[in-house]
Amino acid sequence: MAYTVSKLTDYSAAALEKAAAECVRACTEEAAAFHSDAELKAFRDRWVGRKNGILTRINDLWLKSAPKNAKREAGIRVNELKLGVETLVARAGLAVEREYLGVRDAAATSSSQRIDITLPGIRRPLGAEHPVIKTTNEMVRVFQKLGYSVADGPVVETDYYNFEALNFPPNHPARDTQDTLFIAGQQGKPQRERLLLRTHTSPVQIRTMEKMRPPIRIVSPGTVHRNDPPDASHSPMFHQIEGLAVDTNITFGDLKGTLDHAMKEFFGSSVKTSFRPSFFPFTEPSAEMFVSCFICGGIGLRGSDPCRTCKMSGWIEVLGCGMVDPNVFEFVKDNGYDPKKVSGFAFGMGADRIALLKYGVDDLQLFFQGDVRFLEQFS
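Now for a look at the structure at hand. Being a predicted model, the structure only gives us computed values, none of them experimental. (Residues numbered from 1 in each chain as written. Predicted model: local features only at pLDDT ≥ 70, side-chain atom pairs only at ≥ 80, totals over all residues. Heavy atoms only, no water.)

**With respect to the overall build of the chain**
Secondary structure assignment for the chain yields 11 helices and 12 strands. Along the longest, intermediate and shortest principal axes, the C-alpha atoms of the chain span 105 × 60 × 40 Å. When the 379 residues of the chain are sorted by exposure, 40% land in the buried category. Restricting the contact set of the chain to residue pairs at least 6 apart, pairs at least 24 apart contribute 66%. Accessible surface computed for the chain: about 21700 Å², of which carbon and sulfur atoms make up 53%. The averaged location of the 46 negative side-chain charges in the chain is 4 Å from the averaged location of its 47 positive side-chain charges. (Helix = DSSP H or I, 4+ residues; strand = E, 2+ residues; numbered from the N terminus. Buried < 20%, exposed > 50% of the residue type's maximum accessible area, 1.4 Å probe, protein only. Contact = heavy atoms within 4.5 Å. Areas by Shrake-Rupley, 256 points an atom, 1.4 Å probe, with all protein chains shown as cover. Lys, Arg positive; Asp, Glu negative; His and termini not counted. Charge placed at Lys NZ, Arg CZ, Asp CG, Glu CD.)

What follows is the structure, encoded as C-alpha cells:
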C-alpha cells in the first residue's frame, strides 16, 4: 500500500522516531521498485516535489501543527528526515543511470570515441595590442631611442600635483578648461590635498623631478580623465603621452629638433613640422606643433577631392609643447632644479588622436566599444 502522511497526535521522541522510520522504510521500498526514467521522475515528484511532495506534506502536517513546546524537537527530527529522504532519492537516481544509461554508453563506446592524449590540445587564439596601446608603444619607442626613460604615476591625483605645482594657482582661469572630475567627499580637506582624476599626465613630471635630480629625460604615457561627453572626437577617458627634458642650456631649438626627429620617425621622413605660438600655464614660451599631412602630402587635396584628414589645410595639429616655466621649477628647486641654472622643455600629445590619424579612423568611440570585428583589423 502506498505511503501517505498522517497527522501526528503524539510528539514524544519515541513517536517521532517511529513515524520517521516508517517514512524512510517506505521511501526505500519505493526506490527499489522502479526501472525506467519515467518511473524515476514520478518517484522524485512524489517524494521531493515542492507543491505536493511527501516532504512538503510532512512539513505541514508534522512541524507546522506541532504544539509550541514540541516544535523544537519536531523541527530537528523533520530536518533529519528530509535530509535522509533527499539522499535516498538522489541515490536511486544514480542507480538507474548506472544500470541503464551507463550500460548504453559503455556499449556505444568505441575506439573512435576515445580521447587520444598524445594529440595537441585546443589552443586559445592569441590576442593583439589594442590600436591605441600599439600607437602609444610605438611612439614611446621613438623617444626611448633618443635616451628617454618611461615614468608613470597615479591616476587618482591631488590638486597639488595636477594643478598647483604645474603653475595653476587656485582660481586660475586655465583650471576651467580642464573639465576636472573630482573625487566625492573632499570638501573638508585643504584644496591642494583634494583628490581628483588626473586631467593630464603632467603630474608625473613633478613627481619625477621630486625623486630625481637633473639631468632627466622622460616620457609618461597613461590614461587621463575629463568631463567630456563621448562623441566622435571626445571621451571622458583618453590617453596621453607627455615628455620632459631638463638639463643645463636646453633651448627651444633642442625642443624643435627633438620633436621634428620624432615625427619623422613615426609618420615618415617626408613629413614637415610647423610650430605656432600658443599658451599653456606650465610652459613659456608655448607652441602647438603641426605636421604636414601624410595623407595628401601637404597639398590639401586627394586627387580632385578635398583631403578630410587635414581639412584641406595641408597641416595636422598633433601636440602642444614649450619651455618649462621657471615657476614650475620653483616647486622642486631644493632638488637641484634652480631655474637660474637649469632649463627644459615639455610636450604632450593625445595617443588616441595619433591613432585616429595613423589608422584613418573617423570615430574615437570605435576604439572603446570592444567590437572584435573592428579591433582585429589592427592586429
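**Things to note about the sheet that holds strand 4 (residues 195-197)**
Reading across the sheet, the three strands line up as 2-4-3 and stay open at both edges, with antiparallel pairing between neighbours. At either end of the open sheet lies a strand with only one pairing partner, and these are strand 2 (156-158) and strand 3 (181-182). In this sheet, strand 4 lies alongside strand 3 in antiparallel orientation, the contact comprising two bridges. From the neighbouring strand, Leu181 faces strand 4, where its bridge partner is Leu197. (Pairing = 2+ DSSP bridges.)

**Quick look at the environment of Gln191**
Within the fold, Gln191 resides in the loop between strand 3 and strand 4. Exposure remark for Gln191: the relative accessible area of 34% places this residue in the partly exposed category. Between the C-alpha atoms of Gln191 and Tyr160, which are 31 residues apart in sequence, the distance is 7.9 Å. For Gln191, the contacting residues outside a window of four places in its chain are Asp159, Pro170 and Arg175.

**A word on the pairing of strand 11 (residues 315-324)**
Buried residues dominate strand 11, accounting for eight of its 10 residues. Looking at chain direction, strand 8 (residues 283-292) and strand 11 are connected through eight bridges and run antiparallel. Counterpart to Ser292 in the pairing with strand 11 is Trp315. In the sheet, strand 11 pairs with strand 12 (residues 343-350) via five bridges, with the strands oriented antiparallel. Bridge pairing links Gly320 to Gly348 in strand 12.

**Observations regarding the packing of helix 2 (residues 37-48) against helix 3 (residues 54-63)**
Interhelical geometry of helix 2 versus helix 3 gives an angle of 10° and a closest axis separation of 4 Å. In this view, helix 2 runs roughly parallel relative to helix 3, as classed from their interaxial angle. Here Arg46, Trp47 and Val48 of helix 2 come into contact with helix 3, specifically with Ile54, Leu55 and Arg57. (Axes fitted to C-alpha atoms, helices over the stretch in contact; angles between N-to-C directions. Parallel < 35°, antiparallel > 145°, perpendicular 65-115°, else oblique.)

**Quick word on the environment of Gln365**
Structurally, Gln365 can be placed in the loop between helix 10 (351-359) and helix 11 (372-375). Along the chain, Gln365 and His234 lie 131 residues apart, while their C-alpha atoms are 8.1 Å from each other. Beyond its immediate stretch of four places on either side in the chain, Gln365 contacts Pro230, Asp231, His234 and Ser235.

**Considerations on the packing of helix 5 (residues 131-144) against helix 8 (residues 252-267)**
Packing of helix 5 against helix 8 leaves a shortest axis separation of 10 Å and a crossing angle of 130°. On the basis of their axis angle, the class for helix 5 and helix 8 is oblique. Seen from above, helix 5 lies across helix 8 with right-handed handedness. In this structure, helix 5 uses Thr135, Glu138, Met139, Val142 and Phe143 to contact helix 8, whose residues at the interface are Thr258, Leu259, Ala262, Met263, Glu265 and Phe266. Its residues placed into classes, the contact of helix 5 with helix 8 shows seven nonpolar, two polar and two charged. (Left-handed = near helix turned anticlockwise from the far one by under 90°. Nonpolar A, V, L, I, M, F, W, Y, C, P; charged D, E, K, R; others polar.)

**Overview of the pattern of salt bridges**
On inspection of all chains with the given rule, the structure shows 11 salt bridges. Note that Arg217 and Asp247 form a salt bridge whose closest N and O atoms lie 3.6 Å from each other. Of the two residues, Arg217 sits in strand 5 (residues 216-225) while Asp247 sits in strand 6 (residues 237-247), which places them 30 residues apart along the sequence. Here Arg217 falls in the partly exposed class, since its relative accessible area comes to 32%. (Salt bridge = Lys/Arg side-chain N within 4 Å of Asp/Glu carboxyl O.)

**Comments concerning the packing of aromatic side chains**
This structure, assessed with the given rule, holds 16 aromatic pairs. Relative to Tyr337, the ring of Phe329 lies with its centre 6.1 Å away and its plane at 15°, an arrangement referred to as stacked. Here Phe329 and Tyr337 have matching classes, each one buried. Grouping aromatic residues by their ring pairs yields a cluster made of Phe163, Phe168, Phe280 and Phe282. Across the ring face of Tyr161, the terminal group of Arg207 is positioned such that the distance to the ring centre comes to 4.0 Å. (Phe/Tyr/Trp six-rings, centres within 6.5 Å; stacked < 30°, edge-to-face > 60°. Lys NZ or Arg CZ within 6 Å of the ring centre and 35° of its normal.)

**A word on the sheet that holds strand 7 (residues 273-280)**
Reading across the sheet, the seven strands line up as 1-5-6-12-11-8-7 and stay open at both edges, with mixed pairing between neighbours. Strands at the two margins of the open sheet, each flanked by one partner only, are strand 1 (149-150) and strand 7. Pairing geometry for strand 1 and strand 5, over two bridges, is parallel. Among the inter-strand pairings, Ser149 is bridged to a residue of strand 5, identified as Ile218. Docked against the sheet, helix 8 engages strand 7, strand 8, strand 11 and strand 12, running at close to 145° with respect to strand 11. On the sheet, helix 10 packs against strand 6, strand 11 and strand 12 and is oriented at approximately 55° with respect to strand 12.

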